[in-house]
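# Structural overview
Spelled out, the chains give:
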Amino acid sequence: MRFLLDPEQRAFADSLNAMLTAADTPSVVRAWSRGEHASGRALWRRIAGAGVFALAIPEAYEGLGPRPVELAVAFVELGRHAVPGPLVETVMAAALLTEPGPAKSLLPALVSGEVMATAAPAGSYALDGDVATTRLSWDGDGLRMAPGHGPVRASLDPARRLTRLLPGGELLTPEPPLTQALTWARLATAAQALGVGLALLDRTVAYVKQRTQFGVPVGAFQAVKHQLADAKLALEFARPLLFGAALTMTESDVAAAKVTACEAAYSTARTALQLHGAIGYTAEYDLSLWLTKARALRASWGSPGECRAAVLSVPSDVSGDGRHS
């Protein structure tokens, strides 16, 4: 089967790509990593204005959705440009907030980009808890609005700032839809990872055309072509799995898309690092913004092993799927 985007979906992707290209996201990412959030918040509001978060939120709460296919389209572009912030966690928050009271008071602000949301199991690290204004945490008693957060902890991806959410807080619902929310989180993570992998491949192809050895471009060597072809095939194989999963939104399909897209992005990152040589190891070089993100997304909201278990319909502990790297 071929999962092709229709003209409206392609135009949506193109418009996001143009907007994010003009935003100079590498500088936004570096500022975010330093804890300087002004440019990131401004970009967040522009992303919200483009309707991205509305795609995860029902029309009853000023959203456009749920529309998982269009959300996947958007998150591929967000990954392609390494946009920082609790993007996946905001989508997960929308899936968790199903009770009419909390949904009515919190979801419209997520649609508009007025607030950011983060979410994590009690006792786990939450992404960007220091900047998010809606912090959701769950335990055996249900879903709560966490009253605050602990100190910021460094991550292997400097743009992914981790904090523990404080215990207690207002109980929003005793029975949150955790499995459904995890499925949405994994779909968004898979799409983001695919975008990261595509960006790494594009940058590496451009680089090997410029870098020379023995008087010829590195990209002319057969071994280099084979490595890039393998990366291209892995990413292209992940694409229909992603959009097929967005159509079905079953736990197993989304888990398969997540593990495939994240593994493809991770292997592409390894290829990119090898073909760039020593410069690829430097934090000052923009490639590092995508390299570290590919590795972090691989474990976020379900390790490869956990996702493979979900594909095989082996029960997993949802409370443990919020680990971040």
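The structure we're discussing is the one just above.
Residues numbered from 1 in each chain as written. Predicted model: local features only at pLDDT ≥ 70, side-chain atom pairs only at ≥ 80, totals over all residues. Heavy atoms only, no water.

### Things to note about the pattern of salt bridges
For the structure shown, the criterion picks out 11 salt bridges. A salt bridge links Arg-80 to Asp-202, with the nearest nitrogen and oxygen atoms 3.9 Å apart. Taken together, the residues span a long stretch of sequence, with Arg-80 in helix 4 (residues 68-80) and Asp-202 in helix 7 (residues 178-210) at a distance of 122 residues. Overall, Arg-80 belongs to the partly exposed group, its relative accessible area being 22%. Across the pair Lys-293 and Asp-157 runs a salt bridge whose closest N-O atoms are separated by 3.2 Å. Of this pair, Lys-293 sits in helix 10 (residues 287-299) while Asp-157 is found in the loop between strand 4 (142-145) and strand 5 (162-164), placing the two residues 136 residues apart along the sequence. You'll find Lys-293 and Asp-157 in the same group, each marked buried. Through salt bridges with shared partners, a single network forms among Glu-77, Arg-80 and Asp-202. (Salt bridge = Lys/Arg side-chain N within 4 Å of Asp/Glu carboxyl O. Helix = DSSP H or I, 4+ residues; strand = E, 2+ residues; numbered from the N terminus. Buried < 20%, exposed > 50% of the residue type's maximum accessible area, 1.4 Å probe, protein only.)

### With respect to the side chain of Thr-25
With respect to the helices and strands, the residue Thr-25 is situated in helix 2 (residues 25-33). Here the side chain of Thr-25 touches His-81 through a polar contact of 2.8 Å, landing on its backbone oxygen. Excluding residues within four positions of it along the chain, Thr-25 makes contact with Leu-20, Leu-43, His-81 and Val-83. (Polar contact = N/O pair within 3.5 Å; in protein donor to acceptor, adjacent residues only side chain to side chain. Contact = heavy atoms within 4.5 Å.)

### A closer look at the packing of aromatic side chains
Aromatic ring pairs are reported here in terms of the distance separating the ring centres and the angle at which the planes meet. All told, the structure shown has 2 aromatic pairs when counted by the stated rule. With a centroid separation of 6.5 Å and 25 degrees between ring planes, the pair formed by Trp-138 and Trp-301 is classed as stacked. In this pair, Trp-138 sits in strand 3 (residues 134-139) while Trp-301 sits in the loop between helix 10 and helix 11 (304-311), placing the two residues 163 residues apart along the sequence. Taken individually, Trp-138 and Trp-301 each receive the classification buried, so the pair is uniform in this respect. (Phe/Tyr/Trp six-rings, centres within 6.5 Å; stacked < 30°, edge-to-face > 60°.)

### With respect to the packing of helix 7 against helix 8 (residues 222-248)
For the pair helix 7 and helix 8, the least separation of the axes is 10 Å and the interaxial angle reads 155 degrees. Between helix 7 and helix 8, the angle falls in the class roughly antiparallel. For the crossing formed where helix 7 meets helix 8, the hand is left-handed. In this structure, helix 7 contributes Leu-187, Ala-190, Ala-191, Leu-194, Gly-197, Leu-198, Leu-201, Thr-204, Val-205 and Val-208 to the contact, and helix 8 contributes Val-224, Leu-228, Ala-231, Lys-232, Leu-235, Glu-236, Ala-238, Arg-239, Leu-242, Ala-245 and Ala-246. In the contact of helix 7 with helix 8, the residues fall into 16 nonpolar, 2 polar and 3 charged. (Axes fitted to C-alpha atoms, helices over the stretch in contact; angles between N-to-C directions. Parallel < 35°, antiparallel > 145°, perpendicular 65-115°, else oblique. Left-handed = near helix turned anticlockwise from the far one by under 90°. Nonpolar A, V, L, I, M, F, W, Y, C, P; charged D, E, K, R; others polar.)

### Details of the sheet that holds strand 6 (residues 170-173)
With mixed pairing, 4 strands are arranged side by side in an open sheet as 1-3-4-6. The open sheet has two edge strands, strand 1 (117-121) and strand 6, and neither has a second partner. Mean inter-strand twist for the sheet, computed between neighbouring axes without regard to direction, equals 30 degrees. On top of the sheet, helix 5 (residues 87-96) reaches strand 1, strand 3 and strand 4; it is set at about 75 degrees to strand 1, its chief contact. (Pairing = 2+ DSSP bridges.)

### Considering the environment of Ala-309
Structurally, Ala-309 can be placed in helix 11. The buried category is assigned to Ala-309, whose relative accessible area is 18%. Along the chain, Ala-309 and Ala-255 lie 54 residues apart, while their C-alpha atoms are 8.6 Å from each other.

### Quick notes on the pairing of strand 4
For strand 3 and strand 4, the ladder comprises 4 bridges, and the chain directions are antiparallel. Note that in strand 4 the partner of Leu-136 across the bridge is Met-145. Turn length for the strand 3-strand 4 hairpin, with the two strands adjacent in sequence and antiparallel, is 2 residues. Pairing between strand 4 and strand 6: 3 bridges, direction antiparallel. Bridging across to strand 6, Arg-144 finds its partner in Leu-171.

### Some words on the nonpolar core
Looking at soluble globular proteins, one finds that nonpolar side chains tend to be buried together. Ile-47, Val-52, Phe-75, Met-92, Leu-96, Leu-136 and Leu-242 are the most contacted members of the largest nonpolar core, which totals 83 residues. Among the elements that take part in this core, helix 7 stands out by supplying 13 residues, more than any other. Residue contacts for Leu-242: discarding those within four places in its chain leaves Ala-72, Val-76, Leu-187, Ala-190, Ala-191, Leu-194 and Ala-257. Among the nonpolar cores identified, the runner-up in size contains 17 residues, and Val-29, Ala-265, Ala-272 and Leu-287 belong to it. (Core = buried A, V, L, I, M, F, W, Y, C linked by side-chain atoms within 4.5 Å.)

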